[in-house]
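Examination of the molecular architecture
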Amino acid sequence: MTTFQPPVIDWAALTPVLVIVGAGVLGVLVAAFAPAARRRSIQVVVALLAPLAALGAVAWRWSEVVGGGESTFVAGQLAEDGFGLAAQMILLVIALVGFAVLASRLPGGEDAFTPQGASAPGSAYEEAARKAGLEQTEVYPLALFSLAGMLVFTMANDLLVLFVALEVLSLPLYVLTALARRRRVLSQEAALKYFLLGAFSSAIFLFGVALLFGYSASLTYADIGTAATASVGMDGMAVVGLLMVLTGLLFKVGAVPFHAWVPDVYQGAPTPVTGFMAAATKTAAFAAIARLLYVAAPGFAWDVEPALWVVAIASMLVGTVLAIVQTDIKRTLAYSSVAHAGFALVAIVSLPEGGPDALLFYLLAYSFATVGAFAVVTLVRERDDAGNVTGEATHLSQWAGLGRRSPVLAAAMALFLLSFAGIPLTAGFLGKFTAFVAAADGGAWPLVAVAVLASIAAAFFYVRVIVLMFFTRPEESDEPQRQRAQAVAPGALTRVALVVCAAGTLVLGVWPTPVLDLLAQAARFVV
Amino acid sequence: MSLMHYLVLSGILFTIGAVTVLVRRNAILAFMGVELMLNSCNLALVAFSRVHGTLTGQVMAFYVMVVAAAEVVVGLAIIVSIYRARRTVSVDEPSLLRN
């Protein structure tokens, strides 16, 4: 037995993660010890300041690292490089706007979460908790822990770290999914479905890890990459292992055929959680996929590429077709996110030189539109006979004529939808453009052709929602008056989040050069 | 007992677990299937670790156990809360999520 060599831990490189984990722990302590009256406001401040501070830490690491300071540490298990830092920056921006939506309340003072997660839906206990004005403030530390897992996901250079980070990001999301204030049974069912399928996919992931370990006798990407080029035999086992690991990651981004959970979970989860989860999980998982493919798997590119082609094409087609036939706005957006997983995958399938930065730009553009669109969904509400605001009006027919009653909100929604559709002058257009150019450079012409056709078809249902909002007279729909959507006035935090998302979508669409330059100089992997 | 024996056993356990998840309709049983899959991964990791003469795989197995325990906590919490709302944990019950 050799003597133990303690690994070198570069604490400075871990600052962003440590800030978020520390804030999460602080949040747990606040939930336990702070007086109930002030608990929520403390939690919100912590949850909003932590990503800001971490953003500062990432900027500091960026100035230290990009352009020569890249390194791996903890015995090669974690990597600090431009790609990881850029992905972390995107994640923290998503977290800032996402948490702002998460923390905001309706004018009546109710937030998006059940007053007491442990109470059975419809029970006297739940009613008592609601009357007493309890609030489930644990959602903020849960969201922070999930964010910490995502940040590690982008740096993971080792399958063990990747597995632990995968679980750290997933487990809090399962709980958050179950905590909706309204339609609680739906929300709990969504959580169960998410949990069972998520655990199933992590088990598949883990078996892939075992096979890759058997192949290369190591868990770090660099060693697996070396073993692949050294041709030690057992290539079949390595390819199967790699495909199983990719299955676990593709499940997280919701690509076909691993998308079964996406519509149900997006619909059942509290809408602010859906927005955060849709944007951030996808960004983190794509960052992990890119690092795995570019660092560990180039030796297997020939074997893995066909499978990724199939996944990308199936995601674009299935997502687009099923989005067209949905009648629920949250399910429509869910299927559209499946299609977007396919579009993002196009950028990196053939491992082109410019793939990573195109992927990151695409994810940034998609994230702004996603968080913004789901924030709008939280504001469009039904009213009961007494005129009280009740649950979200998610049926598409209820959105008819929204543009006449709340033009600003409907215009914001239209902007996000146009960005999803990839109309010029929005971020989505340049995201798609850079992704497709990168793929074409890598020689994946047929894939780009399918992607362009799919985005044309996809534009149909985004435009349909816009037409519904602006050009359909509400009188034409048969819904009784009270069921039609009424937009409520957004709280200050949601207002800020919406403005940031809309501004981000526009600025990236009109003047993307600084961001593209930044990504182009940074998005390289350290091996 | 060669490496192959352990791998075949691990593969069999993994398959039994996967079939359990896909076929059984009781959420608790499906969840037990997942646990079986995780443990078959542990067996494969430890076997490979022994063959390669490194401790990495065994360390990974410990991490898997810890993560599985954390997963049990979250999973059972969700299942119990569903049971209290619906008095059943079947994943086949007429579901609100199927349109």
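For clarity, every value in this text was computed on a predicted model and none was experimentally measured.

Parameters at a glance
- Numbering of residues starts from 1 in every chain and runs along the sequence as written.
- Lettering of chains starts at A and numbering of ligands starts at 1, both following the order in which they are written.
- Reporting of local features is limited, given that this is a predicted model, to residues whose pLDDT is at least 70; pairs of side-chain atoms are given and counted only at 80 or more, and all residues count toward the totals for whole chains, interfaces and linings.
- The basis for every side-chain value is the complete set of non-hydrogen atoms in the structure, without hydrogens or water.
- A patch consists of residues exposed above 30% relative accessible area that lack any salt bridge, with like charges linked at up to 9 Å and nonpolar side chains (Val, Leu, Ile, Met, Phe, Trp, Tyr) linked at up to 5 Å.
- Only the protein chains shown count as cover for residues, and the accessible areas themselves come from Shrake-Rupley with a 1.4 Å probe.
- Salt bridge criterion: a side-chain nitrogen from Lys or Arg within 4 Å of a carboxyl oxygen from Asp or Glu.
- By definition, any uninterrupted DSSP run of H or I lasting at least four residues is a helix, any uninterrupted run of E lasting at least two residues is a strand, and each is numbered from the N terminus.
- Any residue under 20% of the maximum accessible area for its type is buried, any over 50% is exposed, and the rest in between are partly exposed; the area is computed with a 1.4 Å probe on protein chains only.
- Here, residues are in contact when the closest pair of their heavy atoms is within 4.5 Å.
- In protein, a polar contact requires one atom able to donate a hydrogen and another able to accept it; more generally it is a pair of N or O atoms within 3.5 Å, and residues adjacent in sequence count only if both atoms are side-chain atoms.
- Residue classes follow a fixed rule: Ala, Val, Leu, Ile, Met, Phe, Trp, Tyr, Cys and Pro count as nonpolar, while Asp, Glu, Lys and Arg count as charged, and any other residue, Gly among them, counts as polar.
- In this scheme Phe, Tyr and Trp rings, the latter by its six-membered ring, pair at centre separations within 6.5 Å, and the angle between planes marks the pair as stacked below 30 degrees, edge-to-face above 60, and tilted otherwise.
- Note on method: axes are straight lines fitted to C-alpha atoms, helices fitted across the in-contact stretch only, with angles between N-to-C directions ranging 0 to 180 degrees.
- The scheme is simple: roughly parallel for angles under 35 degrees, roughly antiparallel for over 145, roughly perpendicular for 65 to 115, oblique for anything else.
- Handedness of a crossing is defined here by the sense of rotation of the near helix relative to the far one, left-handed for an anticlockwise turn of less than a right angle and right-handed for a clockwise turn.
- The pairing criterion for strands is at least two bridges between them, as found by DSSP.
- UniProt positions are given in the numbering used here, feature names are shortened, and annotations may be inferred rather than shown by experiment.
- Here, expected helix span is obtained from the residue count minus one, scaled by 1.5 Å.
- It is the directions from the helix axis to the C-beta atoms whose arc is reported.

With that settled, consider a nonpolar patch on the surface. Residue and element names in this part refer to chain A. The grouping of Leu425, Leu506, Val507, Val510 and Trp511 at the surface amounts to a nonpolar patch, some 530 Å² of accessible area in total. The topology assignment puts Leu425 in the loop between α16 (407-421) and α17 (427-441). Taking relative accessible area as the criterion, Leu425 reaches 57% and is therefore assigned exposed.

The partner chain B presents 43 residues to the 41 residues of chain A that form the contact. At the junction of chain A and chain B, the tally comes to 1 salt bridge. In this assembly, chain A and chain B are joined by 3 residue pairs in polar contact (both at pLDDT 80 or more). Put simply, the parts of the chain that give the side of chain A that touches chain B at least two residues each are α6 (159-177), α7 (184-216), α9 (235-253) and α10 (261-268) of chain A. Residue contributions to the side of chain A that touches chain B peak at 21 residues, all from α7(A). Among the residues making up the side of chain A that touches chain B, the classes are represented as 32 nonpolar, 5 polar and 4 charged.

Moving on: the packing of aromatic side chains. Residue and element names in this part refer to chain A. The tally for this structure, following the rule as stated, stands at 19 aromatic pairs over all chains. Ring geometry for Phe163 versus Phe205: centroids 6.2 Å apart, planes at 20°, classification stacked. Of this pair, Phe163 sits in helix α6 while Phe205 sits in helix α7, placing them 42 residues apart in sequence. Judged by centre distance (6.1 Å) and plane angle (20°), the ring pair of Phe429 and Phe433 falls under stacked. Here the residue Phe429 and the residue Phe433 both occupy positions in helix α17, the gap between them amounting to 4 residues, near one helical turn.

Now for the packing of helix α3 (residues 82-103) of chain A against helix α5 (residues 139-155) of chain A. Residues and elements named next belong to chain A. Here α3 crosses α5 at 165°, and the two axes come no closer than 9 Å. If you check the angle between α3 and α5, you find them roughly antiparallel. Our pair here, α3 against α5, has a crossing hand that is right-handed. Here Gly84, Ala87, Gln88, Leu91, Leu92, Ala95, Phe99, Leu102 and Ala103 of α3 lie close against α5, whose contacting residues are Tyr140, Ala143, Leu144, Leu147, Met150, Leu151, Thr154 and Met155. Here the contact of α3 with α5 is built from residues that sort into 14 nonpolar, 3 polar and no charged.

Residue and element names in this part refer to chain A. Pairing is antiparallel across the open sheet formed by 3 strands, whose spatial order is β4-β3-β5. On the outer flanks of this sheet lie β4 (389-392) and β5 (486-487), each paired with one strand and no other. Relative to β5, strand β3 (residues 380-383) is paired through 2 bridges, and the arrangement is antiparallel. Paired with Arg381 across the two strands is Gln486, which belongs to β5.

Its place among the elements puts A:Phe83 in helix α3. In the structure, A:Phe83 is positioned 277 residues away from A:Leu360 in sequence and 8.5 Å away in space, judged by C-alpha atoms.

With that out of the way, let us pick up the packing of helix α11 (residues 271-296) of chain A against helix α13 (residues 329-348) of chain A. A pair of packed helices is captured by two measures, namely the crossing angle of their axes and the spacing between those axes. Residues and elements named next belong to chain A. Where α11 meets α13, the closest approach of the two axes is 11 Å, and the angle between their N-to-C directions is 15°. As summarised for this structure, α11 and α13 are arranged roughly parallel, according to the angle between their axes. Seen from above, α11 lies across α13 with right-handed handedness. Two secondary-structure elements touch here, α11 through Thr271, Thr274, Lys282, Phe286, Ile289, Ala290, Leu293 and Tyr294 and α13 through Lys330, Ser337, Val338, Ala341, Ala344, Leu345 and Ile348. Looking at the contact of α11 with α13, its residues break down into 10 nonpolar, 3 polar and 2 charged.

With that out of the way, let us pick up the UniProt feature "transmembrane region" (unreviewed entry) in chain B. Residues and elements named next belong to chain B. In this structure's numbering, the residues bearing the UniProt feature "transmembrane region" (unreviewed entry) are residues 6-23, 28-48 and 60-83. The straight-line gap between the two end C-alpha atoms of residues 6-23 is 26 Å; of that span, 100% is helix and 0% is strand. Span residues 60-83 is 100% helix and 0% strand, its end C-alpha atoms 34 Å apart.

Here we come to the pairing of β4(A). All names here are of chain A. Here β3 pairs with β4 via 2 bridges, running antiparallel. Counterpart to Arg383 in the pairing with β4 is Val389. The loop that links β3 with its antiparallel partner β4 comprises 5 residues; one of these, Gly387, has a positive phi angle of about 90°.

Turning to helix α1 (residues 3-23) of chain B, a few remarks are in order. A rise of 1.5 Å per residue sets the reference length of α1(B), with its 21 residues, at 30 Å; its end C-alpha atoms lie 30 Å apart and thus fit the reference within 8%. Every buried residue of α1(B) is accounted for by B:Leu7, B:Ser10, B:Phe14, B:Gly17, B:Ala18 and B:Val21. Taken down its axis, α1(B) places every buried residue within 100° of arc, on the same side. Across from the buried face of α1(B), at angles greater than 90 degrees, the exposed residues are B:Met4 and B:Val23. Against α7 and α9 of chain A together with α2 (27-52) of chain B lie the buried residues of α1(B).

Moving on to the environment of B:Val46. The residue B:Val46 is located in helix α2 in this model. Dropping the residues within four chain positions of it, B:Val46 is found in contact with B:Gln58 and B:Ala61.

Moving on: α13(A). All names here are of chain A. Over its 20 residues, α13 runs 30 Å from end to end, which matches the ideal 28 Å to within 8%, given 1.5 Å per residue. Taking burial as the measure, the 20 residues of α13 include 20 buried ones, the bulk of the element. Between the side-chain oxygen at the start of α13 and the backbone nitrogen of Lys330 there is a gap of 2.8 Å, and the oxygen is on Asp328.

Before going further, it helps to examine the pattern of salt bridges. All names here are of chain A. Taken as a whole and judged by the stated rule, the model has 13 salt bridges over all chains. Residue Arg182 is joined to Glu110 by a salt bridge in which the shortest nitrogen-to-oxygen separation is 2.8 Å. Remark: Glu110 occurs in the loop between α3 and α4 (124-131) and Arg182 occurs in the loop between α6 and α7; sequence separation between them is 72 residues. Here Arg182 falls in the partly exposed class, since its relative accessible area comes to 31%. Looking at Glu110, the relative accessible area reads 19%, which means it is buried. Glu127 is the partner of Arg130 in a salt bridge, and the nearest nitrogen-oxygen pair spans 2.7 Å. Here Arg130 and its partner Glu127 are both found in helix α4, 3 residues apart, which amounts to about one turn of the helix. A residue is classified by how much of its surface remains accessible, and Arg130, at 46% relative accessible area, is partly exposed. In this structure, a network of salt bridges that share partners links the residues Arg40, Arg105 and Glu135.

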